[in-house]
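# What the coordinates show
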Amino acid sequence: MKPADAIQDLQYFGEFGGINPSISDASTYTFLSAKTMFDTFEGNADGCYLYSRHSSPSNLYLGEALAAMEGTETSNVFASGMGAISAVIMQLCSAGDHIVSSRTIYGGTYAFLKNFTPKLEIQTSFVDITDIKLVEAAISKNTKILYLESISNPLLEVANIAALSKLAKKYKLQLVVDNTFSPLSISPKQLGADIVIHSLTKFINGASDAIGGVVCGTQEFIDDLRNVNNGAAMLFGSTMDSLRAASILKNLRTLHIRIKQHSANAMYLSQKFESLGLKTVYPGLASHPSHCVFKTQMNTEFGFGGMLTIDVGTVDKANALMELMQNKNLGYLAVSLGFYKTLFSAPGTSTSSEIPENEQKTMGLSEGLIRFSVGLDNDIKRTYTSMYKCMQSVGIF
Ligand SMILES: *Cc1c(COP(=O)(O)O)cnc(C)c1O
């Protein structure tokens, strides 16, 4: 089944026949027999709830819908994307293990792998994920995880997930894919990923009013994460609140419409920006180095996503342009993505500032780079015309 249809077809009714599921307003649950309580602790009482840090009906509804979208057996929702990412890494790795990761990943993930996990003797090699030979050369006998983002943040590099999955299988690695930038457009599990992660904070929730995350995978792995004795989800405690799970599920139901509009608007703007002679990076442009890779692995109807970058040369011009565009109500100078309004930021001084300056340079992250999360504007032509005027006023042309 197609990913969006899988979300739409999931039917949950509320306690009184409500067309949305009831919210489970409880941290703990009663048992009719003491034996069932014991069995639930041991993980042997399917369908019974014990304590809401472990699982709750509202969290399971949202988790089932996200697993259906990604085509995995099941999933577990978390209080944040970082909660999901750190739990997966700590569940899969022990002291002495090694990770091969894309060098262009979310700043928080980079900081976790670069600064935090070494304290636990887990080392990471950061590589250019678009160069399969380099990736293979970085694998050692202690490597446990191959970690990447379908479309990388902020450079929008596209990983060839099918090819990397072959590599992961050859060396018995877990292929972990953060699909936050491309929900519905790319289905990593179908391409061979073992574990798919999202920050729900971005496109999936789409309202910039909540923080959340999810790990989609096999029943066995999700059971491991939730294990009361040694599960990272259970023991780190980054549990999503039931009220929030209910609100995110309602927003998820319209994700397919939003992604199509984000993609169409981003395609329009990127073509216009490129024709102005601006260095524009968007996977939908033929000039994008991984345009063909994206095309072969995408679910076509959802397009190339809502993220694009332009390079305006200097940090001063970038800042002046962003401030002016905000004054003209064309979007907001803010980090994050997936909002109805366009959001823009300069990654070098914001979301990727965890990455040292010299490393930013080698990966091609220049100071004049502006990242756009293109909004749901009804009339993107009008938006573009105003953006063009802003660019003229700050002296980009
Ligand atoms: C935002 C983001 C995260 C972290 O998610 P939070 O919900 O902020 O914890 C991880 N990966 C990517 C690609 C992101 O954009």
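What you see is a predicted model, and the numbers here were worked out from it, not measured in a lab. Residue indices begin from 1 for each chain and proceed along its sequence in written order. Local features in this predicted model are restricted to residues whose pLDDT is 70 or higher, and side-chain atom pairs enter the listing and the counts only when it is 80 or higher, whereas totals over whole chains, interfaces and linings include all residues. In computing side-chain values, all of the structure's heavy atoms are included and hydrogens and water are not.

## Observations concerning the site of the ligand
Near is defined per residue: the residue qualifies when any heavy atom it owns lies within 4 Å of the molecule or strand. The full set close to the ligand counts 14 residues, and Met-82, Asp-178, Ser-199, Thr-201 and Lys-202 are the nearest of them. Gly-81 is positioned such that a nitrogen or oxygen atom in its backbone is 2.9 Å from an oxygen atom of the ligand. Interatomic distance of 2.7 Å between a side-chain N/O atom of Lys-202 and an oxygen atom of the ligand. Per-residue and other accessible areas follow the Shrake-Rupley method at a 1.4 Å probe size, with only the shown protein chains counted as cover for residues. For the ligand, the accessible surface in isolation is 380 Å², of which the surrounding protein chains cover 93%. What counts as a helix is a DSSP run of H or I of at least four residues, what counts as a strand is a run of E of at least two, and both are numbered from the N terminus. Considering each element in turn, the shell around the ligand owes the most residues, three residues, to helix α4 (residues 81–92). By the convention adopted, Pro, Cys, Tyr, Trp, Phe, Met, Ile, Leu, Val and Ala count as nonpolar, Lys, Arg, Asp and Glu as charged, and the other residues, Gly among them, as polar. By residue class, the composition of the shell around the ligand is five nonpolar, six polar and three charged. In protein, a polar contact means a hydrogen-donor-capable atom and an acceptor-capable atom, both N or O and within 3.5 Å, with residues adjacent in sequence counting only if both atoms are side-chain atoms; elsewhere, any N or O pair within 3.5 Å suffices.

## Considerations on the domain arrangement of the protein
Domain boundaries shown here were taken from an automatic or database domain assignment. Domain annotation for the protein reports domain 1 (3–252) and domain 2 (257–393). Centre-to-centre, using C-alpha coordinates, domain 1 lies 27 Å away from domain 2. Between domain 1 and domain 2, the residue contacts involve 38 residues of the former and 38 residues of the latter. A combined buried area of about 3000 Å² lies between domain 1 and domain 2, and 62% of that area is made up of carbon and sulfur atoms. Note on contacts: a residue pair is in contact if any heavy atoms of the two residues lie within 4.5 Å. Note on definitions: buried area is the accessible-area loss of two parts on being combined, 1.4 Å probe, summed for both.

## Quick look at the nonpolar core
Core analysis: the biggest nonpolar cluster contains 79 residues, and Leu-62, Leu-146, Leu-252, Phe-273, Ile-310, Leu-321 and Phe-372 have the highest contact counts within it. When residues are assigned to domains, this core turns out to be shared by domain 1 (3–252) and domain 2 (257–393), each giving three or more. If sequence neighbours within four positions are ignored, Phe-372 has contacts with Phe-273, Gly-306, Met-307, Leu-308, Ile-310, Met-325, Thr-342, Leu-343, Phe-344 and Met-387. Grouping buried Ala, Val, Leu, Ile, Met, Phe, Trp, Tyr and Cys residues that are joined through side-chain atoms within 4.5 Å yields what is termed a nonpolar core. Three labels apply to residues, based on accessible area from a 1.4 Å probe with only protein chains included: buried if under 20% of the type maximum, exposed if over 50%, partly exposed otherwise in between.

## Describing helix α3 (residues 57–70)
To estimate how far a helix should extend, the number of its residues minus one is multiplied by 1.5 Å. In this model, α3 (14 residues) spans 20 Å end to end at C-alpha, consistent with the 20 Å of a helix rising 1.5 Å per residue. In terms of burial, α3 is largely enclosed, as 10 of its 14 residues are buried. All of the buried residues in α3 are Pro-57, Ser-58, Asn-59, Leu-62, Gly-63, Ala-65, Leu-66, Ala-67, Met-69 and Glu-70. Looking at the buried side of α3, the elements it contacts are α1 (3–9), β1 (74–78), β6 (195–199), β7 (213–217), α10 (242–252) and α11 (255–275). Positive phi shows up at Gly-71, right after α3, with a value of about 70°.

## Quick look at the pairing of β7
Within a regular beta strand, the side chains point alternately toward one face of the sheet and then the other, so they alternate between its two faces. Within β7, five of the five residues are buried, leaving the element largely enclosed by the surrounding structure. By definition, two strands form a pair when at least two bridges between them are found by DSSP. For β6 and β7, the ladder comprises four bridges, and the chain directions are antiparallel. Considered in β7, the bridge of His-198 is made with Val-214.

## Notes on the packing of aromatic side chains
Pairing of aromatic side chains requires ring centres within 6.5 Å, counting the rings of Phe and Tyr and the six-membered ring of Trp. Pairs whose planes differ by under 30 degrees are stacked, by over 60 edge-to-face, and all others tilted. Evaluated as defined, the whole model comprises 13 aromatic pairs. Ring pairing ties together the aromatic residues Tyr-268, Phe-273, Phe-344, Phe-372, Tyr-384, Tyr-388 and Phe-397, which thus form one cluster. For a ring to carry a charge above it, either NZ of a lysine or CZ of an arginine must fall within 6 Å of the ring centroid while also lying within 35 degrees of the normal to the ring plane. A cation over a ring is seen here: Lys-119 above Phe-116, with NZ or CZ 4.2 Å from the ring centre.

## As for a negative patch on the surface
A residue counts toward a patch only above 30% relative accessible area and without a salt bridge, and it is joined to like-charged neighbours within 9 Å or, for Val, Leu, Ile, Met, Phe, Trp and Tyr, to nonpolar neighbours within 5 Å. In what follows, salt bridge is the name for a side-chain nitrogen of Lys or Arg lying within 4 Å of a carboxyl oxygen of Asp or Glu. Counting rule applied: Lys, Arg positive; Asp, Glu negative; His and chain ends not counted. Every charge is mapped onto a representative atom, which is NZ of Lys, CZ of Arg, CG of Asp or CD of Glu. A grouping of Asp-46, Glu-73, Glu-220, Asp-223 and Asp-224 is seen on the molecular surface, where their side chains present a negatively charged patch. Locating Asp-223 in the fold gives a position in helix α8 (residues 219–226). Judged by its relative accessible area of 39%, Asp-223 falls in the partly exposed class.

## A short note on unusual backbone geometry
A cis amide bond links Asn-153 to the next residue, Pro-154, at an omega of 0°. One can find Pro-154 in the loop between β4 (143–149) and α7 (161–170). A positive phi angle, near 60°, is found at Leu-156, a position not held by glycine. Locating Leu-156 in the fold gives a position in the loop between β4 and α7. Under the relative-accessibility criterion, Leu-156 is labelled buried at 1%.

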